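# Architecture at a glance
Listed here are the chains, written in short residue letters.
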Amino acid sequence: MNIAANNGVWSGSWVAERLGVELVGDDGLTALLGLALRRNPRRAHLLVSNVLGKHVPQSPSLVYGHGFALGRRVRDLLGEAEAGQSVVLGYAETATGLGHAVADGIGLAPYLHSTRRPVPGVTPAGGFEESHSHATSHLLLPEDPALLSGDGPLVLVDDEFSTGNTVLNTIRDLHARYPRKRYVVVALVDMRSAADAGRLTSFAEEIGARVDLVAAASGTVKLPEGVLEKGQELVARYEESAAKGERTGAAPSGPVAQFPAPPQGVALEADSQSTHPGARGRVESAADAAWARPAPTGPQTTDNRTTPHLTRIDLHWPHGLPDGGRHGFTPAHRRRLESALPLMAARLAESLPPDARRVLTLGFEELMYAPLRIARELEALVAAEVRYSTTTRSPVLAVDDPGYAIRSRLVFPAHDNPADGPGERYAYNVAGAGFDAVVLFVDSAGDTPELHAADGLLDRLGAHAPHVLLAVVPSYVPALPEESPAMLPEPLRGPAFSSYPPEDVGWLLQDLSDVTLEAPTEEREEAIQSGGAHYAESLPVEYQPSEQYQALFHAALETSAARLAEAVGVVTETVLAERSPRPVLVSLARAGTPVGVLMRRWAQFRYGVDLPHYAVSIVRGRGIDANALRWLAAHHDPRDVVFVDGWTGKGAITRELADAVEEFEARSGVSGFDPEIAVLADPGSCVRTYGTREDYLIPSACLNSTVSGLISRTVLRADLVGPDDFHGAKFYRELAGADVSVAFLDAVAARFTEVVDAVDAAVKELAVADRTPTWEGWAAVERISEEYGIHDVNLVKPGVGETTRVLLRRVPWKILARAGAGADLDHVRLLAEQRGVPVEEVGELPYTCVGLIHPKYTRGATGADGRAVNV
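The rules we used
- Residues numbered from 1 in each chain as written.
- Predicted model: local features only at pLDDT ≥ 70, side-chain atom pairs only at ≥ 80, totals over all residues.
- Heavy atoms only, no water.
- Buried < 20%, exposed > 50% of the residue type's maximum accessible area, 1.4 Å probe, protein only.
- Helix = DSSP H or I, 4+ residues; strand = E, 2+ residues; numbered from the N terminus.
- Pairing = 2+ DSSP bridges.
- Expected span 1.5 Å × (residues − 1).
- Polar contact = N/O pair within 3.5 Å; in protein donor to acceptor, adjacent residues only side chain to side chain.
- Contact = heavy atoms within 4.5 Å.
- pLDDT = per-residue confidence, 0-100.
- Right-handed = clockwise from strand over helix to strand, strands pointing away.

### Structural notes on the pairing of strand E25 (residues 613-619)
In terms of burial, E25 is largely enclosed, as 7 of its 7 residues are buried. Residues His-613, Ala-615, Ser-617 and Val-619 of E25 are buried on one face, and the alternating residues Tyr-614, Val-616 and Ile-618, pointing to the opposite face, are buried as well. Bridge count between strand E20 (residues 506-507) and E25: 2 bridges; the pairing is parallel. Counted as the bridge partner of Gly-506 is Tyr-614 from E25. In this sheet, E25 lies alongside strand E24 (residues 584-589) in parallel orientation, the contact comprising 5 bridges. Bridged to Leu-585 within E25 is His-613. Where E25 folds back on strand E26 (residues 623-624), the antiparallel hairpin that results is connected by 3 residues, among which Gly-621 adopts a positive phi of roughly 90°.

### What about helix H15 (residues 592-607)?
Helix length check: H15, at 16 residues, gives a terminal C-alpha distance of 22 Å against a target of 22 Å (1.5 Å per residue), a fit within 8%. Counting buried residues in H15 gives 12 out of 16 residues, a clear majority hidden from the surface. Every buried residue of H15 is listed here: Gly-592, Thr-593, Pro-594, Val-595, Gly-596, Val-597, Leu-598, Met-599, Arg-600, Arg-601, Trp-602 and Ala-603. Trailing H15 by a residue or two, Gly-608 shows a phi angle of about 70°, which is positive.

### Points about the side chain of Asp-416
Mapping Asp-416 onto the fold places it in the loop between strand E16 (409-413) and strand E17 (424-428). Engagement of the side chain of Asp-416 in a polar contact is seen with the side chain of Arg-117, the distance being 3.4 Å. Beyond its immediate sequence surroundings of up to four residues, Asp-416 is in contact with Arg-117, Phe-364, Ala-445 and Gly-446.

### Focus on the confidence of the model for the protein chain
Interpretation of the predicted coordinates at a detailed level should be avoided for regions scoring low in pLDDT. Per-residue confidence for the protein chain gives a mean pLDDT of 82; residues scoring 70 or more make up 84%. Counting contacts from residues 131-136, a segment whose pLDDT is below 50, to residues more than four positions away or on other chains yields 21 contacts. Below pLDDT 50 for its whole length, residues 858-871 participates in 30 contacts with residues either more than four positions away or in separate chains.

### Considerations on the environment of Val-21
Here Val-21 shows up in the loop between helix H1 (13-19) and strand E1 (22-25). Taking relative accessible area as the criterion, Val-21 reaches 2% and is therefore assigned buried. Between the C-alpha atoms of Val-21 and Pro-224, which are 203 residues apart in sequence, the distance is 6.7 Å. Filtering out sequence-adjacent residues up to four positions away, Val-21 remains in contact with Val-15, Ala-16, Leu-35, Val-221, Lys-222, Leu-223, Pro-224 and Val-227.

### Considerations on the pairing of strand E9 (residues 182-190)
Most of E9 sits inside the fold, with 9 of its 9 residues counted as buried. As defined by bridge partners, strand E8 (residues 154-161) adjoins E9 across 7 bridges and the pair is classed as parallel. Across the sheet, the residue bridging to Asp-158 is Ala-187, located in E9. You can see the chain leave E8, run along helix H5 (residues 165-177) and come back into E9, and the turn it takes is right-handed.

In structure tokens, the structure reads:
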């Protein structure tokens, strides 16, 4: 296979013939774009740029020239004065280099690109979503917060302008924070449909600003009916063929026509077993991932840590110069880089093997600009043909056909410890392209053992080029103020902490499993009511359910699973529609955690998206864990955070959270957190975002840790939790035999399919309903507190969930049950019987039941066994 050229065949013809997709537009549009397929729930086809330098290796001069020319057009459009006040914003990861080149063409503008790499301690200045992308969360992390706050034009750069949703959403978001009079949207190609084309004008009128568009070419993509489903089916069939070929060693084939059989050593999805002319010898140690090759001459150094024969190049990168626009790149930075480029390119040229005729300079995800500029200088220094492309997160189907844009792909594990966890990364059109040498550029954050491992990127490249060189650019991280708080640890995850799978939830807690925190219920109650201790300073002894009670739990789950699934669907759809298109779910541990996991599962089931999900501690009277909020703000846009709980009672936690967030923002200067909680059930009418307002049994309330990942209630005690620590909790590993946490989730998620129609109908009703909280639950609690002579609303726990907690953790006095309440109270009646607590039926009650904690608790007021007696 030779993918250096397509022999005059358009690299979109394969997709066009099979799916009926057409590119219609300017002359030369097909020279700029090819087509490929990917597995994506929103858009199966992928426009592959031939001049972007991402998927298709291209001349670096051509790549840079396209971006620079667009920048010159922007400068002409704005005029000298406005160009001097402009700021350029590029989109990660694909357009980071393009945006840099546009800024160079303008010549006077600082540059910032979005990033998917959070930096602890650096507060995001904003963020946005890319709806058609597989990995959508973008952060804006300028070192200088004033970079985005000026009133000059904002120039937004992306590789393509398709629907316009991403760019318009970004402008809308930034305009609300930093309003300005003018925006310019820049793209290599404008591919909007006729329906989308008019939106730009109406959008500009809506925000009261001028919005211009500059593109190198324009056109549209004509999609036949059912193209998404047909494309997804085609991808699935070809992936299956590829996988079968990998297992058997046969060439891929499928029920629709047919990959050409690749030559020996080149597969649809190349791996480290492929060979090239002059094949390398593998060292015995897999950890070394080394290969033998002739040693080139020049100012290289040898890396003896993991790859003894790897040529490592010291570029002499200027000290303190940012490696790109992740935190801002000014015209002064650009001048420093340009003065250093000749020397860096010369060192690279001297390190290449003298007989190299075809050289690939390969950038690394968002690190596009520095490799591009060095490659452009190298192109002028050496006789070899120099090509440039970069690795990517984006999974695309590879088909070895001249009429297809992605001829081959290398697959390797991420090697920069990404914040969203490990995963596959890709390099396209490298295998089989006939490169004599590959120069890989990474920043120092990506120079990890994973890069050098036996299945890592260097190993993959070594299978397809006789010479591989590595150039490491120092990762630039803004200096944090000296008064910045201490660094916080990463979230705890199962199975080391909790019985949930690691992807289900990250616990922003510290592990106190080795500390004895449990105290007898009666001692805790006496200390709490006397003011001698706070309830969060100790833990109740975990209730161990009887066989009868466990049977009741399973029966209740069987009965209510569909109703719970519907509520999960309703609250999740409401969050996605009204709060954020890609929310960061933050459960209030621990009752909110199962609900957060179920919401995450619904989003996966319905839309194929993986929502981030964390659990944090909130303590009545002491607020939410401020360090957890600090961690969230450092890793996500606070405006995307949606707090999640199981249910509302009288609304105390709702008010606690609002007060705590306000205090945190005042102290930290971080803004954007929305304190409104999303709950499965809101019987107290305390919130606007809920799955239902009925008060019924949520089976996860029946148990304690054994339905919550084996995690205790959270603990906040001064001798255990310091000012820079997360709140604590215990992992009850010893209760694994009784754990039903995952079984509960599976039982509810299994009913998702059958409730979709009901969910859609309920969401439509809620969208037009008046959901203003009435706080009727709080009024009822105050009335009950006075009527029963308690005179303390904290001892009145309304709703099925809170009543269950009273019976499991506190010293209950009596239970008020609404007359006629049926099976939803079976477990309450059983627990009350076991603890000798009377159940009193009442007529007027906004909840199904209310639990009353003993109001005058002393040891003498209960029996020796801690059971309540009438006062």
